[in-house]
Amino acid sequence: MAAVQWRSHGRNYDTELQRCRLEAALVDFGDYHPLKPIMVTDTKTRRGTRKGSTSSSSSSSSSAPPDPLSSMLDGTDPLSMFAAASASETPPMSHSSSTGDLGRRKREKEEEAVGPDFEPWSLKRGEILARFTTTEKLSINLFIGSDRGKATSQGSAVSEKVRTRLEELDDLEEGSQRELLNLSQQDYANRIEELNQSLKEAWSSDQKVKALKIVIQCSKLLSDNSVIQFYPSKFVLITDILDTFGRLVYDRIWTMCSDPRPLPDNFTVEDVNDTAKETCLNWFYKIASIRELLPRLYVEAAILKCNRFLNKSGIQETLPRLTAMVRGIGDPLVAAYARAYLCRVGMEVAPHLKDSLNRNFFDLLGTFRQISSENVRAQLVLQRVEMPEYLTLYSPAISWILQCIAYRAPESLLTEMMERCKKLGNNALLLNSVMRAFRPEFVAARATDFIGMIKDCDEAGFPKHLLFGSLGRSLASADPPESERLTILNEAWKVITKVRSPQDYINCAEIWVEFTCRHFTKREVNTILADIIKHMTPDRAFEDAYPQLQSVIRKILTYFHDFSVLFSMERFLPFLDMFQKDSVRVEVCKSIMEVFIKHQVELTRDPVILNAMLHICKTMHDSVNALTLEDEKRSLALLIIGFIRMVSFSRDFEQQLSFCVEARATFCNLEPVLVQLIHTVNQLAMETRRVMRGNHSRKTAAFVRACAAYSFITIPSLSSIFSRLSLYLLSGQVALANQCLSQADAFLKAAVSILPEVPRSISVEGKLRSSESFLMDFINSFLATLLVIPDHPEHGVLYLVRGLLNMVQDYTWEDNSDAKVRVYISALPLLAAMSQETYLYSIPKVDSNDTLYGGDPKFLSEINKLCETLIGQILDHLKTLGRDESTRRQGALAFSLFGVLLAHGDLRNNKLSQLAVNLWNLSHKHGCCETRTSVRTLEFIKHQTQQPDMTHLSDMVQRLTLQSRT
């Protein structure tokens with residue numbers, strides 16, 4: 001290896017830069033401009049033309065270049081072809097048929113009165129089941145099953161058919177049912193689901209009568225209110241079975257009409273065949289034979305839609321009849337839910353028949369006096385149910401009926417409803433449902449009138465705070481007249497603040513917080529927060545109301561985005577103190593931080609904001625423990641980092657540094673936050689340099705050294721080795737830019753000293769990966785920085801470069817790895833750059849080695865010796881690879897070293913030139929080098945030979961040959 005004598009090629013960087021610049025050329029575009037919109041005209045393919053030719057082209061400009069995408073389409077647009085094909089297949093529509101279709105569509109649109117803004121029953125179902133529960137024991141009659149009368153004889157007389165139907169239905173009462181007692185609520189729901197499955201199985205096995213018996217049995221259960229608190233949930237479970245039955249019957253008859261061709265959705269009676277009509281009538285006759293009123297009513301309502309198969313006005317005639325039948329039900333609660341089911345079915349099959357819905361509701365109003373009858377009161381005493389609780393059982397039924405009536409109803413209907421409420425003595429239950437059912441805009445416009453009606457209600461039956469809660473929901477969505485807002489708030493809060501139960505109080509107060517935030521200032525909101533604290537603090541009542549308290553915070557944050565105003569509320573932080581459960585407190589703090597990061601646009605130094613946000617961030621930080629998941633830590637760290645980035649003390653750099661010192665002590669357990677603080681301090685030092693324009697005074701010089709000390713102290717506390725390495729390097733660069741040479745030297749030496757700690761594998765996104773590529777990236781960045789680092793007067797020449805290379809040599813690399821040799825190859829360009837008279841880049845006001853040594857021959861000799869040593873190590877490794885038959889790796893390394901010699905070595909030296917040729921031949925010896933890369937390299941060398949100072953490459957290029965892969 002001693003035969004290799006390295007000498008760096010002299011570089012003139014300015015000349016090379018000028019040589020590499022592109023030549024400027026004038027281009028006349030005419031009218032064409034690349035940003036000008038292109039207008040594309042319709043193109044048609046000429047017959048007989050060759051591929052790619054079109055009859056017309058882009059109309060943007062005659063000088064515009066052709067569109068390469070359009071040229072691939074053979075002049076035709078595939079979407080236009082599909083459109084043309086469909087147009088050619090569609091026959092022209094006659095005027096009469098088009099008029100008929102338009103008329104039919106218009107009628108359908110008028111009848112289609114239910115849109116996506118109508119809240120379906122399915123969304124209320126889960127809420128009712130969760131709300132109306134019981135711990136009482138329940139009973140149920142289970143159907144045992146009998147196949148008597150499974151089929152009727154064809155062609156029998158009408159009287160025989162009637163007798164047969166009655167026998168089939170009587171079978172239900174002849175011991176075919178079994179009563180199950182002492183069932184829990186869950187057991188009861190499971191039994192109902194079993195009946196639902198039995199219904200489907202009976203239907204699929206063609207036991208239609210058995211299916212009907214199951215439905216009748218389930219309908220009878222709705223007359224039983226022995227456990228009255230559970231009745232709304234029972235209604236939900238059993239009507240699910242009725243819905244299934246109605247769907248099965250309708251689909252069965254529809255299928256009978258779909259042979260041989262499917263029946264359209266908008267079919268008429270004329271499209272239905274006789275067999276389907278006969279089957280449909282048979283079902284209605286069977287149902288008409290049911291003796292008891294309630295099951296007959298429910299089952300006929302379930303198949304109401306089947307009237308479409310019989311006549312046009314069937315539904316319109318049947319709904320009023322069913323509505324009148326409900327009047328025969330004695331129990332007001334059972335009757336209310338029967339009316340609710342009729343409204344459900346009516347809205348599904350004929351939403352335009354509002355008269356029937358209205359009649360249903362007015363009948364309901366007539367039964368309100370029954371609620372306070374002696375029979376009902378005796379039943380409530382027997383079941384130990386209070387009147388307020390009993391009245392809440394009506395809410396789902398009345399609310400649904402009113403929702404159906406109020407849907408897209410005119411505002412005058414609300415006025416009519418209010419008058420009827422007054423006639424009934426302002427019945428609280430009805431008034432509550434009216435406010436919930438009608439559009440919030442209508443209710444808000446009459447808010448003062450509603451408050452007057454609420455005052456006149458009897459609080460014994462239905463608490464007034466529930467009425468104010470319903471009114472508050474409407475006012476949260478729509479605005480009342482501006483002149484009435486303060487009066488409305490005062491009147492509502494007079495009632496709310498007198499509520500004794502903390503749970504009832506917070507349920508209502510939480511609703512009205514939004515109205516207050518929408519229309520009033522921080523003064524009113526602060527007053528409400530103080531009242532909430534007053535009510536919820538005694539006996540630690542807040543512990544049972546965390547969801548409502550969180551909702552209060554969310555609503556305040558929705559309307560108050562100015563955090564100086566928010567934190568100036570005296571009761572806001574005491575309100576936060578009520579969240580004493582760790583998980584809830586952290587969630588609240590996170591929600592505040594998310595809003596702050598989203599809406600805080602300007603940087604802040606407001607001490608009120610800073611103190612409050614530090615307290616909130618500290619709460620989040622202190623929740624971190626050994627069991628905290630990494631994702632949660634990352635989430636908290638990002639929020640705290642978002643806050644740190646929004647803090648700025650402008651030109652008061654010392655105050656900014658003090659804030660970072662405090663934040664470091666506060667958030668020491670979250671590593672990403674510490675990393676951000678180091679970046680913030682480095683940025684602070686660079687901002688100081690910018691303000692001083694690189695000319696530091698004694699004071700600013702001391703300040704940037706303090707910034708460097710902050711980083712130097714903080715970095716070792718990080719657990720991630722690569723975070724420490726990158727921050728040591730970055731902080732060293734910042735220190736060097738601020739002329740802090742000893743600090744920069746300390747950072748870089750610290751980075752070199754921890755290189756042996758780098759593990760061979762690291763976890764990346766939960767997977768173990770080799771750390772080699774990350775380490776190589778760092779070393780390359782480190783080498784680039786070393787160019788401008790001046791040598792220390794007390795240490796030897798290139799002591800940092802030597803220290804790095806020694807660490808690389810001692811590092812335990814992976815087996816069969818070329819990383820160490822690649823570092824040596826990467827170090828050669830650095831050493832070559834160090835030997836130039838003027839360096840490629842430098843730091844202002846920092847003297848690098850080009851100035852310190854001034855091209856001293858001893859310095860250049862040290863560089864050359866180090867280069868020769870590195871080349872010797874590389875060549876030894878290449879020989880080792882040759883013995884191990886690792887030809888591909890050997891070829892790649894040889895070609896890399898050849899590139900370095902070509903770019904940085906002085907190839908006028910015959911020995912160095914011969915080494916380059918040998919490396920070229922070695923890299924191509926086994927055909928492992930990519931041909932395209934080799935060709936382009938040769939072209940580059942030939943181009944270089946044309947330069948005056950590169951003529952010596954001509955001889956070498958003659959000796960570089962391309963070898964085939966074979």
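Residues numbered from 1 in each chain as written. Predicted model: local features only at pLDDT ≥ 70, side-chain atom pairs only at ≥ 80, totals over all residues. Heavy atoms only, no water.

Per an unreviewed UniProt entry, the protein carries the name VPS35 endosomal protein-sorting factor-like and comes from Pundamilia nyererei. In the Subcellular location (unreviewed entry) part of its UniProt record, the protein is described as follows: "Endosome". Taken directly from UniProt, the Sequence similarities (unreviewed entry) text for the protein runs: "Belongs to the VPS35L family." (UniProt positions renumbered as here; feature names shortened; annotations may be inferred.)

What follows deals with the overall build of the protein. What the protein contains, in helices and strands, is 46 helices and four strands. Taken over 966 residues, the protein has a buried fraction of 47%. Residue pairs in contact within the protein that sit at least 24 positions apart in sequence constitute 74% of those at least 6 positions apart. Surface exposure of the protein reaches about 49,900 Å², of which carbon and sulfur atoms provide 51%. (Helix = DSSP H or I, 4+ residues; strand = E, 2+ residues; numbered from the N terminus. Buried < 20%, exposed > 50% of the residue type's maximum accessible area, 1.4 Å probe, protein only. Contact = heavy atoms within 4.5 Å. Areas by Shrake-Rupley, 256 points an atom, 1.4 Å probe, with all protein chains shown as cover.)

Take unusual backbone geometry next. The backbone phi angle of Arg-408 is positive, close to 55°, even though this residue is not glycine. On the secondary structure map, Arg-408 appears in the loop between helix H18 (395-406) and helix H19 (411-423). Here Arg-408 falls in the exposed class, since its relative accessible area comes to 53%. A positive phi angle, near 55°, is found at Ser-650, a position not held by glycine.

Right, let's talk about the nonpolar core for a bit. Formed by 307 residues in total, the largest nonpolar core has its most connected members in Tyr-390, Phe-438, Leu-471, Trp-512, Ile-532, Phe-643 and Leu-786. If near-sequence neighbours (up to four positions away) are discounted, Leu-471 is found in contact with Met-435, Val-443, Ala-447, Phe-450, Ile-451, Ile-454 and Trp-512. (Core = buried A, V, L, I, M, F, W, Y, C linked by side-chain atoms within 4.5 Å.)

Let's shift gears to the confidence of the model for the protein. Per-residue pLDDT for the protein averages 84, and the proportion of residues at 70 or more is 85%. Confidence drops under pLDDT 50 across residues 43-65; counting only partners more than four residues distant or on other chains, this segment forms 31 contacts. This model gives residues 146-158 a pLDDT under 50, and the stretch forms 16 contacts once residues within four places in sequence are excluded. (pLDDT = per-residue confidence, 0-100.)

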